[in-house]
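# Analysis of the macromolecular model
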Amino acid sequence: MAPTAKVALRIRGAGKTFRQRSGLASVALQPVTTNILEGQFVSLVGPSGCGKTTLLKMCAGLASTSQGDITFGETAQPVSPGSYGMVFQAPALLPWRTVVENILLPADILGLPAEQARRRAIELLQLVQLSSSPDKYPRELSGGMQQRVSIARALLHDPSILFMDEPFGALDAMTREELNLALQDIQQAQGKTVLFVTHDIDEAVLLSDRVLVFAGTPGRLVDDVLIDLPRPRALASRKEPGFHAAAERIRKSFAKSAPSSEIL
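Below, the structure is looked at part by part. The structure displayed is predicted, hence computed values, not measured ones. (Residues numbered from 1 in each chain as written. Predicted model: local features only at pLDDT ≥ 70, side-chain atom pairs only at ≥ 80, totals over all residues. Heavy atoms only, no water.)

## What to know about the sheet that holds strand β7 (residues 193–198)
Taken in spatial order, the six strands of this open sheet run β5-β6-β7-β3-β8-β9, and their pairing is mixed. On the outer flanks of this sheet lie β5 (84–87) and β9 (220–226), each paired with one strand and no other. Shown here is a sheet whose adjacent strand axes are inclined to one another by a mean of 15°, direction ignored. The pairing of strand β3 (residues 41–45) with β7 spans five bridges and is classified as parallel. Its bridge partner being in β7, Phe41 is matched across the sheet by Val194. Against the sheet, helix α6 (residues 173–190) touches β3, β6 (161–165) and β7, its axis set at about 160° to β7. (Pairing = 2+ DSSP bridges. Helix = DSSP H or I, 4+ residues; strand = E, 2+ residues; numbered from the N terminus. Axes fitted to C-alpha atoms, helices over the stretch in contact; angles between N-to-C directions. Contact = heavy atoms within 4.5 Å.)

## Considering the packing of aromatic side chains
Centre-to-centre distance and the angle between the planes together describe a pair of aromatic rings. This model, assessed by the stated rule, comprises four aromatic pairs. Relative to Phe163, the ring of Phe72 has its centre 6.4 Å away and its plane inclined at 80°; by these criteria the two rings are edge-to-face. One end of the pair, Phe72, is in strand β4 (residues 67–72); the other, Phe163, is in strand β6, with 91 residues separating them in the sequence. Side by side, Phe72 and Phe163 carry an identical accessibility label, which is buried. (Phe/Tyr/Trp six-rings, centres within 6.5 Å; stacked < 30°, edge-to-face > 60°. Buried < 20%, exposed > 50% of the residue type's maximum accessible area, 1.4 Å probe, protein only.)

## Notes on the sheet that holds β4
Strand order in the open sheet made by the three strands is β2-β1-β4, with antiparallel pairing throughout. In this open sheet, the two edge strands, each paired with only one partner strand, are β2 (25–37) and β4. The sheet shows a mean angle of 15° between the axes of neighbouring strands, direction not considered. Bridge count between strand β1 (residues 7–19) and β4: five bridges; the pairing is antiparallel. Paired with Ile11 across the strands is Ile70, a residue of β4. On top of the sheet, helix α1 (residues 52–59) reaches β1, β2 and β4; it is set at about 120° to β1, its chief contact.

## Things to note about α1
Counted residue by residue, α1 has seven buried out of eight residues, so it is predominantly covered. Listed in full, the buried residues belonging to α1 are Lys52, Thr53, Thr54, Leu55, Leu56, Met58 and Cys59. Where α1 ends, the next residue or the one after it, Gly61, has phi of about 75°, a positive value.

## As for the environment of Gly85
Within the secondary structure, Gly85 sits in strand β5. C-alpha separation for the pair Gly85 and Pro113, spaced 28 residues apart in sequence, amounts to 18 Å. Beyond its immediate stretch of four places on either side in the chain, Gly85 contacts Ala154, His157, Pro159, Ile161, Leu162 and Phe163.

Encoded structure:
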């Protein structure tokens, strides 16, 4: 990442506390402070319940911060629906709409010009390698193909940042590896900033420029790992010493932050 890169996402002391029915406060995420730079692929890694998805949702404006703030860009603008794209673990495609109609959904919601949006959708179909399937329905697609559609849909309005919440978690290992490489190609071609939640350490190292490591309950940021590996990366990159070193550092961060009873 170039040292002159601008800030895409500014997170300042952002934390989350939930109020239980009993009235007691439950801290889900301790305050996090970090910057995500333009064009960076940043993964949030950690066990279930450590706050990584909570942080992602706060960044996207799907959950409020209990303290601190999160803003976009150098001018510190608040989040808006048109400034980001979102990909969830489930593709969430509308079964009555074709592939291209599903991709065009953000154009309907945001009121984008129809002809321009359709041209963009056709370009994205080529980018996600589904140019032969514009008129198919979700039921005619494999799980991996459906997730490609959801990625194209998230990119339709040319967002400045892409939020991805375990988008490949429900897929089989081979499809997951295929989409890892496809996502890398898409991100590099589009130059998008990506914030990506995963439980998979190897997936995070393969895809990322940085990995933010979360642990504990309540969750907290315990490490920020720079992944200094050349691109494009292949599955064989996992055999490289630098890949192994980064993955081991992440694992050791979990071990250091866990209570001794969890390590034994």
